[in-house]
Structures are given as C-alpha cells and as structure tokens.
Amino acid sequence: MKYDELLKIFEKGDDCDETVFYFKTDPKQKEHYLGFIPKYDKPYWIGYCDIEDGCEFTTAKEMFEAKVFDGKSIKARWDEVVLCSINGRNVEDFF
C-alpha cells in the first residue's frame, strides 16, 4: 500500500478506526495505533507513540505528519511501516 492510499482512507473516514502497524526497523515490532472517531472535535488519534497517552488531531494529514515516532512522522518513516490491520481486519481482507 502506498502512503497516499492510506492517507485517503483516513481522509474519507471510512472503516479506518483501530488501524495497527509497526516499523520493520523495530526488532520488538511494537504495535502503534491510528484511529478516526468522527464525533470528536479532534477525530484523528494515535496511540503508542512518543506522547505517553497518545495524541489527537483535527485532520488526517496533521496526524500522518506529526513527529511522534522517535521524533519522526509516519510520512517520513513510510518505507518502514508494516500495516497489520485496518479497522480490525487484516490488510488483505480490507481490500
């Protein structure tokens, strides 16, 4: 999957809550979470990042460009991202 494809999924807000990924450069394969809950003022959120309790954002672009993964963004580290699931479904089933 390309970066722009996942960003578009989040911008549309369709079935993308609880997206799980890890960085292939991380030997422990620590999982990180992305989500979208439309009823909130800041509907986009990241869990398990540099910020202890996670963080929230107004837009998908802001979330994907936040430097909260070892001081870098998902956009900057895209070549290292391994998607595990999108909205609780494995990536292959999602598509």
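Note: the structure precedes this text.
The notes below deal with the structure included here.

Conventions we followed
For every chain, the first residue of its written sequence is number 1, and the numbers climb from 1 along that sequence. Only residues with pLDDT of at least 70 are given local features in this predicted model, and only at 80 or more are side-chain atom pairs given and counted; all residues enter the totals for whole chains, interfaces and linings. In computing side-chain properties, one takes all heavy atoms of the structure into account and sets aside hydrogens as well as water. What is meant by a nonpolar core is a set of buried Ala, Val, Leu, Ile, Met, Phe, Trp, Tyr and Cys residues, joined one to another through side-chain atoms within 4.5 Å. A simple rule labels every residue: compare its accessible area, found with a 1.4 Å probe on the protein chains alone, to the largest value its type can have, and call it buried under 20%, exposed over 50%, or partly exposed in between. In this description a helix means any DSSP run of H or I spanning at least four residues, a strand means any run of E spanning at least two, and both kinds are numbered starting from the N terminus. Throughout, a contact is declared for two residues whenever any of their heavy atoms are within 4.5 Å. A pair of Phe, Tyr and Trp rings is counted when the ring centres sit within 6.5 Å of each other, with Trp represented by its six-membered ring. The angle between the planes then sorts it: under 30 degrees is stacked, over 60 is edge-to-face, the rest tilted. Working rule: Lys NZ or Arg CZ, within 6 Å of ring centre, within 35 degrees of ring normal, means a charge sits over the ring. Each pair of strands is called paired provided DSSP finds at least two bridges between the two strands. What qualifies as a polar contact is a pair of N or O atoms within 3.5 Å, subject to a donor-acceptor requirement within protein and to the restriction that residues adjacent in sequence count only when both atoms come from side chains.

A look at the nonpolar core
In terms of nonpolar packing, the biggest core is built from 28 residues, with F10, I46 and F64 touching the most fellow members. Broken down by element, this core gets its largest block of residues, five residues, from helix α1 (residues 3-12).

Some details on the environment of I74
Tracing the chain through its elements places I74 in the loop between α2 (60-65) and β5 (81-86). In sequence terms I74 and Y3 are 71 residues apart; their C-alpha atoms lie 8.8 Å from each other. Setting aside residues up to four positions removed in sequence, I74 forms contacts with F21, L34, F64, A66, F69 and V81.

Some details on the packing of aromatic side chains
All chains considered together, the criterion is met by eight aromatic pairs. With centroids separated by 5.3 Å and ring planes inclined at 85 degrees, the aromatic side chains of F21 and F23 adopt a geometry described as edge-to-face. Through a chain of ring-to-ring contacts, the aromatic side chains of Y3, F10, F64 and W78 assemble into a single cluster. Here R77 stacks its cationic end above the ring of F23, 3.6 Å away from the centre of that ring.

Quick look at the sheet that holds strand β2 (residues 32-36)
Pairing is antiparallel across the open sheet formed by six strands, whose spatial order is β4-β3-β2-β1-β5-β6. The open sheet terminates on both sides in strands that have one partner only, identified here as β4 (55-57) and β6 (89-90). Bridge count between strand β1 (residues 19-23) and β2: three bridges; the pairing is antiparallel. Each residue of the ladder has a partner; that of F21, found in β2, is H32.

Points about unusual backbone geometry
Although it is not a glycine, Q29 adopts a positive phi angle of roughly 50 degrees. Along the chain, Q29 falls in the loop between β1 and β2. What makes Q29 partly exposed here is its relative accessible area of 44%.

A look at the side chain of S73
Relative to the assigned elements, S73 resides in the loop between α2 and β5. A relative accessible area of 6% places S73 in the buried class. Within polar-contact distance, the side chain of S73 engages the backbone nitrogen of A76 at 2.9 Å. If we skip the residues at most four places from it in the chain, S73 touches F64, E65, A66 and K67.

Some points on the pairing of β1
Among the five residues of β1, five are classified as buried, and the element is accordingly described as predominantly covered. Looking at chain direction, β1 and β5 are connected through four bridges and run antiparallel. What sits directly across from V20, in β5, is S85.

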